[in-house]
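Structural features, examined
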Amino acid sequence: MTGPALPPKPQARADRVSLRQYLRLFRADILSAQPARLYRAWMAEFRTPFFRSYMVNQPELVKTVLKDRPMDFPKSDRIGEGLRPLLGNSVFLTNGAQWQRQRRIIDPAFEGGRLRESWGAMWQAALSAQSRLAARAGEVVEIEEVTSHAAADVIFRTLFSIPIEDEIAQAVFHEFRAYQRSQPILNLAAFLPLPRWMPRFFRADTRASARRIRALISELTARRMRQIEDGTAPDDLATKIMTTRDPETGETFDTEEMVDQVAIFFLAGHETSASALAWGLYLCALYPDWQDRIAAEAAALEQGEFSELSKLRVTRDVFRETLRLYPPVPMMVRETTRPERFRDRDLPKGAQVVLSPWHLHRHTRLWDNPDGFDPARWQTENGKACGRDAYMPFSAGARVCTGAGFAMAEGTLLLALLLRDLRVVPVPDRVPVPEAHLTVRARDGIWLALAKR
């Protein structure tokens, strides 16, 4: 079941460009700044006057970095250059003992039956999104805005037990929408070896958005702290995280630390989910046979019971395929802590190791029909093998996203409910062009026509 055209993909740059040209392309879009050869290379080296960077696509080497020896390849500080004003010392940016302590406190909130406990709030958010979208049947809508709203509602309901209509939730949501467009995953400061004492320079609107977001999150966190002290706090993710003690030290997060963590929960749980869901709806519009199969499968969703999630097998495969083609976080950067030797090349200490889900998921030497949309691949031998070795939309190993299971359930549920009663149709003269800012979004949005089934 395929459509007449491949899903949109950014135009790759010329194979050789100057550093100045590369920086200009990089500022505009991380994805189109890369050469086409990265879709078939096992490893590629990029040199600047300040550092060496190596993109690694060979599954065995990716496994070495993420799974076999993760502590030898900590997150690069260059990632933090752009995101520190918003995320502070969140679990997304820290390394070593600090990161381990944070994961010991955060992980229990997402383990075991916690997804089941969050399901009711997730279901209500999905119903609200369905209702809002149904009211716009007959219109052409920018779907990224719709999915951002839906993903934000899921986060606020599951994290703080408040709907998106809450005044503070609304304010945070709108600020994040502004921040997403103003700040890339890596800013140009990441290319310069600045000493830690030197001030970092960010766009004024980026700094202002980060300050406003953190102030709003501080207000939510302080309010929840008072509820915990009063014994009136709801049993949601925020309460669980704020009351969990590190089993080794007995410490809990203080308010500032909790603000850092909530910022990354919102960034990871809102930005990435919104991106994936928007691309999923677009792909369903482009390939209506799969859309119809999802709608038929979703017809069984009536009670809102957690057990119904297991019935959404086709929907889950469509969402997995969406994450393959449009991984929300397209690149991850690690750093060598000692000299390494990869594929007969010597990597010096301090070298950047770039792991790119975007390129790995479309690698021509790994996947059958790598640029094609084919959810059925996940039931084939090639799909299963690549799913084990060359698929990492949530990273992998010790630093895998702690909310990966949560995100898969959320995306599958929202995709099913939104398509159960509505049909999405592509707008011919508005083909979205993928580009990477904080997440993989469309340059001018994703426009879809809505119709009732």
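Bear in mind that the values here come from a model prediction, so they are computed numbers and not experimental data.

1. Structural notes on the sheet that holds strand S11 (residues 447-452)
Note on sheets: strands pair through backbone hydrogen bonds, and any given pair is parallel or antiparallel. Overall, antiparallel pairing links the three strands, which are arranged S3-S11-S8 in an open sheet. Of all strands in the sheet, those bounded by a partner on one side alone are strand S3 (140-142) and strand S8 (422-426). Taking the axes of each pair of neighbouring strands and ignoring which way they run, one obtains an average angle of 40° across the sheet. As judged from the five bridges shared by S8 and S11, these two strands associate in the antiparallel manner.

2. So, the pattern of salt bridges
Side chains that carry opposite charge are capable of pairing whenever their charged atoms lie near each other. For the structure shown, the criterion picks out 30 salt bridges. Taking the shortest distance from any N to any O, the salt bridge between Asp 68 and Lys 63 comes out at 2.9 Å. When its relative accessible area of 43% is taken as the criterion, Asp 68 is described as partly exposed. On the accessibility criterion, Lys 63 (42% relative accessible area) is partly exposed.

3. Describing the packing of helix H12 (residues 313-325) against helix H15 (residues 404-420)
With their axes 9 Å apart at the nearest point, H12 and H15 run at an angle of 115° to one another. Judged by the inter-axis angle, H12 sits roughly perpendicular to H15. H12 and H15 meet at a crossing whose hand is right-handed. Of the residues in H15, those in contact with Thr 315, Arg 316, Val 318, Phe 319, Arg 320 and Leu 323 of H12 are Ala 407, Met 408, Gly 411, Thr 412, Leu 415 and Ala 416. Across the contact of H12 with H15, the residue classes break down as seven nonpolar, three polar and two charged.

4. Some points on the environment of Arg 20
Looking at the secondary structure, you find Arg 20 in helix H1 (residues 19-28). Between the alpha carbons of Arg 20 and Ser 310 there is a distance of 50 Å; along the sequence they are 290 residues apart.

5. Considering the confidence of the model for the protein chain
The predicted model of the protein chain averages 88 in pLDDT, with 92% of residues at 70 or higher. Low pLDDT, under 50, characterises residues 188-192; the predicted model gives this stretch 16 contacts beyond four residues in sequence or across chains. Within the model, the stretch residues 194-201 combines pLDDT values under 50 with four contacts to residues more than four positions away or in other chains.

6. Focus on the pairing of S11
In terms of strand pairing, S3 meets S11 through three bridges, oriented antiparallel. Across the sheet, the residue bridging to Val 141 is Leu 448, located in S11.

7. Considerations on the packing of helix H10 (residues 255-286) against H12
With their axes 9 Å apart at the nearest point, H10 and H12 run at an angle of 110° to one another. Overall, the two elements H10 and H12 adopt an arrangement that is roughly perpendicular. For the pair H10 and H12, the contacting residues are Ala 276, Leu 277, Trp 279, Gly 280, Leu 283 and Cys 284 in the first and Val 318, Phe 319, Thr 322, Leu 323 and Leu 325 in the second. Each residue belonging to the contact of H10 with H12 can be placed in one class, and the counts come to nine nonpolar, two polar and no charged.

8. With respect to the pairing of strand S2 (residues 52-56)
Regular strands place their side chains on alternate faces of the sheet. For S2, the buried fraction is high: four of the five residues fall into the buried class. As paired strands, strand S1 (residues 43-47) and S2 are joined by five bridges and run antiparallel to one another. Paired with Arg 47 across the two strands is Arg 52, which belongs to S2. Connecting S1 to the antiparallel partner S2 that follows it, the hairpin turn spans four residues. With four bridges joining them, S2 and strand S7 (residues 352-355) adopt parallel strand pairing.

9. Some remarks on helix H11 (residues 288-298)
When we look at burial in H11, the residues that qualify are Trp 290, Gln 291, Ile 294, Ala 295, Glu 297 and Ala 298. Taken around the axis of H11, the buried residues stretch over an arc of 165°, which confines them to a single face. Of the surrounding secondary structure, the elements contacted by the buried residues of H11 are H10, H12, H15 and S8.

10. A look at the nonpolar core
Among the nonpolar cores identified, the biggest contains 132 residues, and Ile 143, Leu 355 and Leu 415 are the most heavily contacted of them. Broken down by element, this core gets its largest block of residues, 17 residues, from H10. When residues no more than four places from it in sequence are discounted, the contact partners of Leu 415 are Leu 277, Gly 280, Leu 281, Cys 284, Ile 294, Thr 315, Val 318 and Phe 319.

11. A short note on the sheet that holds strand S4 (residues 332-335)
Taken together, the four strands give an open sheet; going across it, the order is S1-S2-S7-S4, and neighbouring strands pair in mixed fashion. Both outer strands of the open sheet, S1 and S4, are each paired with one neighbouring strand and no more. Between one strand axis and the next, the sheet turns by 25° as a mean value, whatever way the strands run. Alignment of S4 against S7, held across four bridges, turns out to be antiparallel.

Reading the values: rules and limits
- Residues numbered from 1 in each chain as written.
- Predicted model: local features only at pLDDT ≥ 70, side-chain atom pairs only at ≥ 80, totals over all residues.
- Heavy atoms only, no water.
- Pairing = 2+ DSSP bridges.
- Helix = DSSP H or I, 4+ residues; strand = E, 2+ residues; numbered from the N terminus.
- Axes fitted to C-alpha atoms, helices over the stretch in contact; angles between N-to-C directions.
- Salt bridge = Lys/Arg side-chain N within 4 Å of Asp/Glu carboxyl O.
- Buried < 20%, exposed > 50% of the residue type's maximum accessible area, 1.4 Å probe, protein only.
- Parallel < 35°, antiparallel > 145°, perpendicular 65-115°, else oblique.
- Left-handed = near helix turned anticlockwise from the far one by under 90°.
- Contact = heavy atoms within 4.5 Å.
- Nonpolar A, V, L, I, M, F, W, Y, C, P; charged D, E, K, R; others polar.
- pLDDT = per-residue confidence, 0-100.
- Arc of directions from axis to C-beta.
- Core = buried A, V, L, I, M, F, W, Y, C linked by side-chain atoms within 4.5 Å.

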